[in-house]
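Architecture and fold: a report
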Amino acid sequence: MAVQQVFPLSGVVQQYAWGKMGSNSEVAQLLASSDSLAQISEDKPYAELWMGCHPRGDAKILDNRISQKTLGQWIAENQDCLGAKVKDTFNGKLPFLFKVLSVETALSIQAHPNKELAEKLHLQAPQHYPDANHKPEMAIALTSFQGLCGFRPVAEIVTFLTKVPEFQFLIGDNAAEQLKQSLSRDSQCVASALRSCFSQLMKSEKKVVVEQLNLLVKRVSQQVAAGNNMEDINGELLLWLHQQYPGDIGCFAIYFLNLLTLKPGEAMFLEANVPHAYLKGDCVECMACSDNTVRAGLTPKFIDVPTLCEMLNYTPSKDRLFLPTRSQEDPYLSIYNPPVPDFTVMKMEVPGSITEYKVLAVDSASILLIVQGRVTASTPTAQTPIPLQRGGVLFIGANQSVSLKLTVPDDLLMFRACCLL
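Given the structure is predicted, the values throughout are model-derived calculations rather than measurements. What you see as residue numbers is a count from 1 along each chain, following the sequence as written. Per-residue local features are limited, in this predicted model, to residues with pLDDT of at least 70; the limit for side-chain atom pairs, both in listing and counting, is 80 or more; totals at the level of whole chains, interfaces and linings are taken over all residues. Working from all heavy atoms in the structure, the side-chain values ignore hydrogens and water.

1. What to know about the UniProt feature "domain: Phosphomannose isomerase type I catalytic" (unreviewed entry) in the protein
This is how it is decided: UniProt positions are given in the numbering used here, feature names are shortened, and annotations may be inferred rather than shown by experiment. Runs of H or I in DSSP of at least four residues are treated as helices and runs of E of at least two as strands, each being numbered from the N terminus.
Under the present numbering, the feature "domain: Phosphomannose isomerase type I catalytic" (unreviewed entry) in UniProt falls on residues 6-154. Strand forms 30% of residues 6-154 and helix 22%; the C-alpha atoms that close the span are 50 Å apart.

2. A short note on the packing of helix α9 (residues 206-225) against helix α10 (residues 235-244)
To keep it simple, the criterion reads: For helices, the fitted line uses only the C-alpha atoms of the stretch in contact; every axis is such a line through C-alpha atoms, and the angle between N-to-C directions lies from 0 to 180 degrees. What sets the label is the angle itself: under 35 degrees gives roughly parallel, over 145 gives roughly antiparallel, 65 to 115 gives roughly perpendicular, and the rest give oblique. Handedness of a helix crossing follows the sense of rotation of the near helix relative to the far helix, less than a right angle counterclockwise being left-handed and clockwise being right-handed. Contacts: residue pairs with any heavy atoms within 4.5 Å of one another. Under the grouping applied here, Gly and all other residues not named as nonpolar or charged are polar, the nonpolar ones being Ala, Val, Leu, Ile, Met, Phe, Trp, Tyr, Cys and Pro and the charged ones Asp, Glu, Lys and Arg.
Contact pair α9 / α10: the axes reach a minimum separation of 10 Å and the direction vectors enclose 125°. On the basis of their axis angle, the class for α9 and α10 is oblique. Between α9 and α10 the crossing geometry is left-handed. Only Gly235, Leu238, Leu239 and His242 of α10 make contact with α9, whose side of the interface consists of Leu213, Asn214, Leu216, Val217, Val220, Ser221 and Val224. Partitioning the contact of α9 with α10 into residue classes produces seven nonpolar, four polar and no charged.

3. Describing the sheet that holds strand β23 (residues 374-378)
Adjacent strands of a sheet pair through backbone hydrogen bonds, lying either parallel or antiparallel. The following threshold applies: At least two DSSP bridges between two strands are needed for those strands to be called paired.
Taken together, four strands build an open sheet; the order of strands is β21-β26-β23-β24 and the sheet is antiparallel. The sheet is open, and its two borders are formed by β21 (356-359) and β24 (386-389), each paired with just one other strand. Here the average twist between neighbouring strands, direction ignored, is 30°. Pairing of β23 with β24, which is carried by four bridges, proceeds in the antiparallel orientation. Residue pairing in the sheet places valine 375 in a bridge with leucine 388 of β24.

4. Description of the domain arrangement of the protein
Short version of the rule: Where each domain starts and ends comes from a domain assignment, either automatic or drawn from a database. Buried area is calculated as the accessible area (1.4 Å probe) missing from two parts once they are joined, with the contributions of both summed. We define a salt bridge as a side-chain nitrogen of Lys or Arg found within 4 Å of a carboxyl oxygen belonging to Asp or Glu. Think of a polar contact as two N or O atoms within 3.5 Å of one another; within protein, one of them needs to be a possible hydrogen donor and the other a possible acceptor, and neighboring residues in sequence only count if both atoms come from side chains.
Here the domain parsing of the protein yields domain 1 (6-95 + 343-418) and domain 2 (103-311). Taken together, the contacts link 16 residues of domain 1 with 19 residues of domain 2. For the pair domain 1 and domain 2, the two sides together bury roughly 1500 Å², of which 69% comes from carbon and sulfur. Its largest share of buried area at the contact with domain 2, domain 1 owes to Trp18, Lys20 and Phe343, together 44% of the area lost on that side. Between domain 1 and domain 2 we count two salt bridges in total. Arginine 56 is the partner of aspartate 291 in a salt bridge, and the nearest nitrogen-oxygen pair spans 3.4 Å. At the surface where domain 1 touches domain 2, the tally comes to six residue pairs in polar contact (both at pLDDT 80 or more). Of the residues assigned to the side of domain 1 that touches domain 2, the class counts are 10 nonpolar, two polar and four charged.

5. Some thoughts on the environment of aspartate 304
How we decide: Using a 1.4 Å probe on the protein chains alone, a residue whose accessible area is under 20% of its type maximum counts as buried, one over 50% counts as exposed, and one in between counts as partly exposed.
Tracing the backbone through its elements, the reader meets aspartate 304 in the loop between β16 (294-297) and α12 (305-311). Accessibility expressed as a relative area gives 13% for aspartate 304, which makes it buried. Taking the C-alpha atoms as reference points, aspartate 304 and methionine 202, 102 residues apart in sequence, are found 10.0 Å from one another. Beyond its immediate chain neighbours, meaning those up to four positions away, aspartate 304 contacts Tyr129, Val294 and Arg295. At a separation of 2.8 Å, a polar atom in the side chain of aspartate 304 contacts the side chain of tyrosine 129. Among the polar contacts listed, one links the side chain of aspartate 304 to the side chain of threonine 307, at a separation of 2.7 Å.

Given below as structure tokens:
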């Protein structure tokens, strides 16, 4: 009998402390909508929904005719369903983890090593670097989503050095002067000056950081209380971060990194060695399967300063939005295809006036999430149609064709993660 290759999944919820609380969280809403038995605790955070086969969150299979209980177990026994190229390239494993994030308080500022560095770090310090893989990530906003991403243009950093004396104090006059001089020089000088400045900040003594941060926070608080707009030095963001992470060096990183506010459907791609932090909002995220993180601030956890300062990409750039391409063959499909082999994300926005929508068959296993709308999914191989609504998750084996019938005339919004080699 042919193996059933399209089936519904139940993702795994992670209740990290930074998540949105109770039904404020998109993660909780998706969970409650897709599972009528789910009990949402209003006093608990619902931070992440994991859709994949990560050992710490292997999705459950919601079809009792399938003997395996989780997606990881099923893929291990049905590797051909990954697609031939994916199976060969990634040794019979699903190469990505698909997620929804609901962020209430800032996540740590971090960067992820490339493959070569990951292998080295994993050998040297497996307690901090648990695997030998890289971890590129892409976030696509579901609601207004704020994050820090990559180094700002140098002119902006120089302006902050002038306007924020406490920042200048930690960087020191020499490094600050070097950065100002680099404005008229080539990109190598810029990167080198930026590296000196950032390293000076990260190597500052904790006591000095706390003193300078307290001075700055006091000054900004007084100005804000007096009704003055401190937007030119990101005053409100500073106070908001300091409230969450008092005395944390990461509060000064806002003067180095681009502040991005993504509108729904806008994305950022975080390649290796780019410093970033998610601040607030809801997004879908796709990433390569790895837990390697080098932290830089807004965290009580271990900060590996030498590795961090050594590895970062110090090329400043303003333009950090990652733009999707519109599909040639499907007017409702946008494709977010980052420059890494591990994953691609598709967004499908189907108007409610359409009665049936055919999901593009691809040569890769994929995971489909329904964010809005209600459908029944049918395939040539499945005996019975699969009803899906908001929060529903569907696994689709490689080269399977799936047809979705809209059961209510509401617009459909879906995201799908796959691997297009």
